[in-house]
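Architecture and fold: a report
Take a look at the letters that make up each chain.
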Amino acid sequence: MRGIMRIRLGGGRFRATATAAGASGAAPNKSELGKQPFMAQFGQGSVEPPSNSAPAMLDPRHSERLLKKVSMLMHEAVHMRNSSLPNATLRQLREDYLMLNMDYRQRALIVLGTQFGVDRKRLKGLMQHYMTLNSVGNTEETIEDKTSDSGIDAAHYRTERDLRAALVPLSSRLFEQMNGQVGGLKFLVDLRADLKTALLKNNLASLRALDSDLQGLFATWLSPACLELHRITWNDAACLLEKIVTYEAVHPITNLYDLKRRLGTGRRCFGYFHPAMPGEPLVFIEVALTKGIEGSAQKVLFGEPPCDEAVADCALFYSITSTQPGLKGIELGNFLIKRVVHLLRQEMPEVQNFVTLSPIPGFMHWLLAKLATQCHVQKSGDKSANSKLSEKLLFPEEEVKLEACRDEGNSKGPVEFMYDVLSSAEHEWASSEKLLEALRPPLLRLCARYILQEKKRGAALDPVTNFHVRNGASVEQLNWMGDTSSKGLAASAGLMVNYRYRLEDIEANNQAYLNRRVVAASPAMLAYLQQSRSDTQQ
């Protein structure tokens, strides 16, 4: 049995090496690692998740004074003449804002949105002046006229420049100044997270405008050209690895052995970082190198052993996590996937297949709503009133198989029976071979319909589908019992889907989806829809 020994490296780094001879780089023994709390295995004790959580309620009088001070500091920072001197003011503004609890933070954001917006009085004066110039200037100009300059042209351009400047809110000036400070970008990202929370409580136009301005600035500041791609390994700083553990949202990391496996042989983990937020991953992706396209999350996460990299022909992206709530709406994951595809093709030319192993988070919610509607329609006596809601969800042979699974004395119809089975909180159906056999055909077919055909405002209803096909991927295949965890059974009846990235097809798939709302799919996926059409015609 191999033990592990902790070796501290410079800069707070660490690694674990096996004590047995010839076992350098081998995975730690699961049984030994499972005996301690996870973070204790890092030698760090319990670690609070990285967050921008507000402090507990302070004395109201102190909070009011602090809020007034924050407003004053905002005003000082915005109107400071010398742009090289606001360091102390902006630093104090950050410190005082973070001392406020969430209620007072929301009030500070309302102050920022209402009192530091566009100077509408100045804007109105410039608009009136511009209209006066238009009435004075000659509206009919030839090409020859445009090659020469005149006083009225100069006035037009000067006023247009002033109008553009006047349309920039004072808050944007504050954001740009803050972004130039050490720690300023992280503060603004966390501030937008607070703003998102405030909008849930008070959906004010001023707060929406503030959110839109920040999103636009982030899209510029965090463009792919400004980001650094870093392969995260076992030898990275302990604080970074702890953040990976904390942020991982798709498949939670359970212990040190699990983390080492995800960073070891046959695995890759890449993250996007910004120089202004060192050690803070903005988004990261986990990759498994496999022989063929894998369809089971459990095999990827817990299968023994990982595939030998020398024979791998597929890069499977099984988890992608955006870490910052304040960057919602900023497209980083799509750039990360494409960048990693290019990188792996250069590093491993023998790897030709680039696919995801993705959840289908909205499928069961959609399906149970459909089944519930049909149960209501079938029970209702007024068929004419429900004719528009009525639809055939199950084929006759599927109904027969489901009816055969009912207990003696259960007279419920196949649709209602299927609803009862799938809505069970304990997911007992996943342990019954007979029910699995009966449910498999309708679930696969209806899931294909959900992914390929169901839309919301023209876009794919499923958010993961929308992300990948908008990014240029095609829907490759559905995987029966791909995620047998409680979360997977509740969200998608255990189904998972592979999206395929072919570099030569990415642009065409992207344009087909954006322009015609066509979801690119493999013949195997389209075959599920052909089954539905054939049954309808019959």
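The rules we used
- Residues numbered from 1 in each chain as written.
- Predicted model: local features only at pLDDT ≥ 70, side-chain atom pairs only at ≥ 80, totals over all residues.
- Heavy atoms only, no water.
- Helix = DSSP H or I, 4+ residues; strand = E, 2+ residues; numbered from the N terminus.
- Expected span 1.5 Å × (residues − 1).
- Buried < 20%, exposed > 50% of the residue type's maximum accessible area, 1.4 Å probe, protein only.
- Contact = heavy atoms within 4.5 Å.
- Polar contact = N/O pair within 3.5 Å; in protein donor to acceptor, adjacent residues only side chain to side chain.
- Pairing = 2+ DSSP bridges.
- Salt bridge = Lys/Arg side-chain N within 4 Å of Asp/Glu carboxyl O.

- The protein has the name Malonyl-CoA decarboxylase in an unreviewed UniProt entry, where Physcomitrium patens is given as its organism.

**Considerations on helix α4 (residues 102-115)**
- Its 14 residues give α4 an end-to-end C-alpha distance of 20 Å, which sits within 8% of 20 Å, the value for a rise of 1.5 Å per residue.
- Turning to α4, its buried residues number three or more, namely Tyr104, Arg105, Gln106, Ala108, Leu109, Val111, Leu112 and Gly113.
- Those residues of α4 hidden inside the fold are in contact with α2 (60-79), α3 (87-99), α8 (170-179), α9 (184-201) and α10 (205-221).
- The opening residue of α4 is Asn101, an N-cap whose side-chain oxygen sits 3.2 Å from the backbone nitrogen of Asp103.

**What to know about the pairing of strand β5 (residues 283-290)**
- Taking burial as the measure, the 8 residues of β5 include 8 buried ones, the bulk of the element.
- Burial along β5 is two-sided: Val283, Ile285, Val287 and Leu289 and Phe284, Glu286, Ala288 and Thr290, pointing in opposite directions, are all buried.
- The pairing of strand β4 (residues 267-273) with β5 spans 6 bridges and is classified as antiparallel. Considered in β5, the bridge of Phe270 is made with Ile285.
- Pairing analysis gives 8 bridges linking β5 to strand β6 (residues 314-322), with the strands arranged antiparallel. If you follow Phe284 over to β6, its bridge partner there is Thr321.

**A look at the side chain of Arg268**
- Mapped onto the elements, Arg268 comes out in strand β4.
- Residue Arg268 is classed as buried on the basis of its relative accessible area, which comes to 4%.
- There is a polar contact of 3.0 Å between the side chain of Arg268 and the side chain of Glu347.

**Observations concerning the pattern of salt bridges**
- Under the defined criterion, the tally for this structure stands at 24 salt bridges.
- In this structure, the salt-bridge partner of Arg262 is Glu286, at a minimum N-O distance of 3.2 Å. With Arg262 in helix α12 (residues 256-262) and Glu286 in strand β5, the pair connects residues that are 24 residues apart, well separated along the chain.
- Take Arg262: its relative accessible area is 3%, and that puts it in the buried class.
- The network of salt bridges with common partners includes Lys370, Glu391, Arg449 and Glu454.

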